[in-house]
Structures are given as C-alpha cells and as structure tokens.
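Commentary on secondary and tertiary structure
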Amino acid sequence: MDIGIIIAGLLTLAIFSFLYRDNPVYKMAESLLIGVSIGYFLVITWDNTLRANLFDPLFTGGEIDLLIPFGLGLLMFGRFSSKTSALSRIPIAVLIGSGAGVAIPAMLGARTLAQMSATVQPLLTESGWLNVSGLVVLVGVLCTLAYFYFSREHQGTLGRVAKTGTWFLMIFFGTTFGYTVMSRMSTLIGRVEFLLSDFLKLTN
Amino acid sequence: MRRRVPQLVCGLFGLLIFTLHFLTSDQAHRTYRLILDDYYQIVFAFALLVGVVSFIRVNLKAVERGKDRPYRIVSLLGLLLMPVLAMGWGIGGDSPFLWVFDNVQVPMQATVFALLAFYVASASFRGFRARSLPATVLLLSALLTLLSRSDLGGFMAEYITPVADWVRYNPSMSARRAILIGIGLGSLTTSLRVILGIERTWLGGGK
C-alpha cells in the first residue's frame, strides 16, 4: 500500500479520535496540522509574493520603487522590541488606510447598491399577473431592515414590521443551517469513504 | 507623535486610494494597481511573516517552560519541515513538499472540517426544538433544505426541490439581502471613521 495513504489514514483516525474525547493522539495530530499549515503558508507567501513581487524585481529587475514596500515591511519587525514597536504602526496604517479606501466604493457598489437594485423588481409580470416572488423579496428586505433599525423602539407599526422581519430571518437561518449541515456531511462522507476504500480496502 | 503620524499615513492612503478609484486616467489606474497589487500585498506578506516569527517565539518559550512540550515541538518541527522541503526539492508537481501537503495537511484539514458534522448534529438536536413559532419556521426551513439536497428526498424530489428553491431564492434571499445591505453600510461608515481618524482602535494601546 502507498505510504502516503497509510499516513493520511492514520492521521485521519487520529483526528477522529477526538470524538471519543480530547486525547494525546488527537493533540499531537492537531499540533502537526498547525505547524505544517503555517509552514505551507510561509513557503507559498515567500514564493508567490515576496520572491515573485519583491526580491526578484528589486534585485534582478532593478525596480527601485519596490524599496518603499520593502522598507515598510521591515518596519513591521519593529514590533518585537518595545523601543521600536511604534514604528510598526506605520505599515499597519498603510494596510488599514488602503483597505478602508478600497472598501468604501467596493462596499457601496457590491453590497449596498447592487443588493438594493436586485430587490426592486417589477411587481407585475409581462402577462399582467402579480409578481408574488418579487413582492415577497421586497417585503422581506424592508421588514428585515426594519428589524435591524435600532434608533427607535420596536413598538406599534415598526414593531409589527420588525416582527415580520424575524420570520424572514428564521427562514434564512434555517436554509443556511441546512446547507452548512450538507457541506459538513459531504466532507464526512468523503473521509469515511477514504478510510473504507483507500485505507482499509473494505470497499471498492 | 507616535500615534499622530500613523493616523496621518492611514488617512492619506485611504483618501488616495478612494480618489484613485474614481479617476479614469491611465496613470491613476496604474498607481491604484501598483499600491493595491504590489505594495499592499508585499506589506501584508511581511505582516504574515511577523505572525510566523511570533508563533515560533511563543512556542519556543513554552518548550523552555515545559508546558505542553511534546505538542509544541511537533508544531515547530512541522513548521520547519515545509520550508526545508521547499528549499531542498522545490514545490513543483512531484516534490516532497507537495507530497506532505497532499498526504498530511489536506487529509487532516478535511477531517477537522468533517468532525464538525457531529457537533452540528448534536447542536441541532439540542437547539432545534419547535418551542415557538419562529423556531418552528427555522426547523421547517432547515428540513426543507436538507430534504431537497439529499437522497432521502429523492422519491419526492419533484415536489420538494422546486419549493426549497423558491424558499431559497425569495424569502431566504430577502433576509440575506437585508443583512448584506447592513454589512455594506456598516463597512462604509467604519471605513470613513478610520480615514477621518475617528476610529483609532487599530493603533492599539500604549503611547
């Protein structure tokens, strides 16, 4: 049998051993997973970003302007000394500022305006019938938004509208929960199938 | 000064990126891409490196103190293994680096993900009781989705699937849309607060 399958099977069983209770075998596998994942991500970050976008263009291609992000990146390491820790705030400021600057148009466009325009549909179909689905979506969005409006107490009309919003939220949570269960179950089926067919050779 | 300068840098970069987004000239577009594709990625990569160094320091200290020593050593060895394999044999198709990824990391990650199926099931047994009308609606909605997406509902798929799809694309989608609109507006105001220097929690404590 392939040594890779044996190792993968044993590690899979080690993780599943947590179902019995927290134990040293599980902890060992968990620690290995943490270490290997960080190591993998370190190598990928080095290869895809630092080598490809910084060191090769800077030292081989002579792109001097890359000294700016390089210098900013090095300032990050100031965090490890109390004397220089304030310096690390500057590259963090660049990250936070750029992130905030790009988030304003992106969030306004993709999250707010796109969702609002998709909500407003014709309430009559081409054949003149009432577009029930479109009406449900419109009412649902307005009621759910009213539920999240906390500047006024939820009483009277607002209270009733907000209460209707909770129904829509419950339907949403139920559907989302259903899909979450299905995704976890399909992964579980995949792991059990691996154990039974590839590792233990009990099924084909 | 230690807080003012980073605040100023943050505001300037925020305004610059925001303004560049709306400018249509080639130069503005190039600068926008340069800052976000190159500078941002590189500085972010260094931030991740700081995280790795911090992880190594914390674990080495724990090993010295003897707290969970074997587990900490395994973590550190795992972390060391991947760069050593990558430096020695590369990260291409048949490399040992990819072998460890395929036979160690991927199976364990998938199993941890699968493990949650049991906890989701146990949580639903405890939480999914039709004690009130909204709880019943939640329960029915979840059941409808589960039935429509599993073999269990296969024998009545032609009835259940269209109903489940309608629920998903209409009432469920409307609540999702309202939440997304809320997230959008929340992110917008937080970003504005950060750029204007009203929101300063990212600076952390200290002077």
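Now for a quick tour of the structure. (Residues numbered from 1 in each chain as written. Chains lettered and ligands numbered in written order. Predicted model: local features only at pLDDT ≥ 70, side-chain atom pairs only at ≥ 80, totals over all residues. Heavy atoms only, no water.)

Now for the overall build of chain A. Looking only at helices and strands, chain A has 6 helices and 0 strands in total. The helix and strand sequence of chain A, counted from the amino end, reads α-α-α-α-α-α. For 204 residues, the compact-globule formula gives about 17 Å, and the C-alpha radius of gyration of chain A, at 27 Å, lies well above that figure. Over its C-alpha atoms, taken along the principal directions, chain A stretches across nearly 65 × 60 × 40 Å. Looking at chain A as a whole, 40% of its 204 residues qualify as buried. The contacts of chain A with a sequence gap of at least 6 include a subset with a gap of at least 24, amounting to 25%. (Helix = DSSP H or I, 4+ residues; strand = E, 2+ residues; numbered from the N terminus. Rg over C-alpha atoms; globule rule 2.2 N^0.38 Å. Buried < 20%, exposed > 50% of the residue type's maximum accessible area, 1.4 Å probe, protein only. Contact = heavy atoms within 4.5 Å.)

Bringing empty space enclosed by the protein into the picture now. Gaps left between atoms show up when a probe the size of a water molecule is rolled over them. Within this structure, the stated rule accounts for 1 cavity of 30 Å³ or more. The volume enclosed by the largest cavity comes to roughly 30 Å³. Along the walls of the largest cavity sit Thr175(A), Tyr179(A), Thr145(B), Ser148(B), Arg149(B), Ala164(B), Asp165(B) and Arg168(B), which together make up its complete lining. Contributing elements (two or more residues each) for the lining of the largest cavity: helix 6 (156-199) of chain A together with helix 5 (133-148) and helix 6 (157-196) of chain B. At 3 residues, the largest contribution of residues to the lining of the largest cavity is made by helix 6 of chain B. Per-class residue counts for the lining of the largest cavity are 2 nonpolar, 3 polar and 3 charged. (1 Å grid on protein atoms, 1.4 Å probe; cavity = no way out; pocket = protein on both sides within 12 Å on 5 of 7 lines; lining within 4 Å. Points joined across faces, edges and corners; volume = space filled by probe spheres on them. Nonpolar A, V, L, I, M, F, W, Y, C, P; charged D, E, K, R; others polar.)

Once that is clear, we can look at helix 6 of chain A. End to end, helix 6 of chain A covers 63 Å across 44 residues, agreeing with the expected 64 Å (1.5 Å per residue, within 8%). One or two steps after helix 6 of chain A, the chain reaches Lys201(A), where phi turns positive at roughly 55°. (Expected span 1.5 Å × (residues − 1).)

Quick look at a nonpolar patch on the surface now. A surface patch of nonpolar side chains, about 580 Å² in accessible area, is lined by Leu123(A), Leu124(A), Leu130(A), Val132(A), Leu135(A), Val139(A) and Trp166(B). Looking at the nonpolar patch element by element, the count peaks at 3 residues for helix 5 (residues 132-147) of chain A. What makes Val132(A) partly exposed here is its relative accessible area of 47%. (Patch = residues over 30% accessible without salt bridge, like charges linked within 9 Å, V, L, I, M, F, W, Y side chains within 5 Å. Areas by Shrake-Rupley, 256 points an atom, 1.4 Å probe, with all protein chains shown as cover. Salt bridge = Lys/Arg side-chain N within 4 Å of Asp/Glu carboxyl O.)

Estimates place the volume of the largest pocket at around 300 Å³. As for the largest pocket, its lining consists of 15 residues, of which Phe177(A), Val181(A), Met185(A), Ser124(B) and Leu146(B) are closest to the centre. Going through the elements one at a time, helix 6 of chain A together with helix 4 (96-127) and helix 5 of chain B are the ones with two or more residues in the lining of the largest pocket. Split into classes, the residues belonging to the lining of the largest pocket amount to 13 nonpolar, 2 polar and no charged. Each pocket or cavity is described by its volume, and for the second largest pocket that value is around 220 Å³. Around the second largest pocket sit Leu42(A), Val43(A), Trp46(A), Asp47(A), Arg51(A), Leu49(B), Pro83(B), Ala86(B), Met87(B) and Ile91(B), which together line it. Contributions of two or more residues to the lining of the second largest pocket are made by helix 2 (24-60) of chain A together with helix 3 (69-89) of chain B. For the lining of the second largest pocket, the leading source of residues is helix 2 of chain A, giving 5 residues. Per-class residue counts for the lining of the second largest pocket are 8 nonpolar, no polar and 2 charged.

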